[in-house]
Amino acid sequence: MGTVRILRVYEEPEPGEYRVLVDRLWPRGIKKDNVDLWLKEAGPSTEVRNAFGHKEENFEAFVRDYTAELKDNPAVAQLRKVVAEHEEVVLLYGAKDHHENQAAVLLDFLNNGS
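Since we're looking at a predicted model, the values are computed, not measured.

(A) Quick look at the pattern of salt bridges. Applying the stated criterion across every chain yields a total of four salt bridges. Where Asp 36 meets Arg 19, a salt bridge forms, and the shortest distance between an N and an O atom there is 3.1 Å. Pair noted here: Asp 36 is in the loop between strand 2 (18-21) and strand 3 (37-38) and Arg 19 is in strand 2, with a separation of 17 residues, a long-range link. Lys 81 is paired through a salt bridge with Glu 85; the nearest N and O atoms lie 3.6 Å apart.

So, in structure tokens, the structure goes:
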């Protein structure tokens, strides 16, 4: 397995990183050529995303609900394949919070072999 990290979509990735956007919504102002793969199916459902609302007090429930979705999400297998095929992968997200976002939860899910 290659290395995987997360990065806000508005920041510059390192040279050679394969860039995977894991948001269901395309971020404003980002050109298509800034992303190698848009895996929107890996993002949380609209219901889970809206319940979170990017509020700190809702993050624990978001992690629980999104992780439950990931366990049955076929996009996770696709993402694992991408990670196996590339030396360095960066999961891109649009949220302003660098720690409490779906990419952080997804990375934790991938790293823990869930």
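(B) Summary view of the nonpolar core. Counting residues in each nonpolar core, the largest one holds 28 residues, and the members touching the most others are Val 20, Leu 79, Val 89, Leu 91 and Leu 106. For this core, the elements supplying multiple residues, two or more each, are strand 2, helix 1 (46-52), helix 2 (59-71), helix 3 (74-85), strand 4 (88-93) and helix 4 (102-111). Element by element, the count of residues in this core is highest for helix 4, at six residues. The residues touching Val 89, leaving out its near neighbours within four places in the chain, are Thr 3, Val 4, Arg 5, Tyr 18, Val 20, Val 82 and Val 83. In this structure, Val 9, Ile 30, Val 35 and Val 90 belong to the second largest nonpolar core, which totals seven residues.

(C) Main features of the packing of aromatic side chains. Per the stated rule, a full pass over the model turns up five aromatic pairs. Between Phe 52 and Phe 62, the ring centres sit 4.4 Å apart and the planes meet at 20°, which makes this aromatic pair stacked. In this pair, Phe 52 is assigned in helix 1 and Phe 62 in helix 2, connecting sequence segments ten residues apart. The buried category is assigned to Phe 52, whose relative accessible area is 3%. By relative accessible area, which is 3% here, Phe 62 ends up buried. When the centroid spacing of 6.0 Å and the interplanar angle of 35° are considered together, the rings of Phe 59 and Phe 62 count as tilted. Residue Phe 59 and its partner Phe 62 are both found in helix 2; the two are separated by three residues, about one turn of the helix. With relative accessibility at 15%, the residue Phe 59 sits in the buried group.

The rules behind these values
- Residues numbered from 1 in each chain as written.
- Predicted model: local features only at pLDDT ≥ 70, side-chain atom pairs only at ≥ 80, totals over all residues.
- Heavy atoms only, no water.
- Salt bridge = Lys/Arg side-chain N within 4 Å of Asp/Glu carboxyl O.
- Helix = DSSP H or I, 4+ residues; strand = E, 2+ residues; numbered from the N terminus.
- Core = buried A, V, L, I, M, F, W, Y, C linked by side-chain atoms within 4.5 Å.
- Buried < 20%, exposed > 50% of the residue type's maximum accessible area, 1.4 Å probe, protein only.
- Contact = heavy atoms within 4.5 Å.
- Phe/Tyr/Trp six-rings, centres within 6.5 Å; stacked < 30°, edge-to-face > 60°.

Just distances and angles here, no functional claims.
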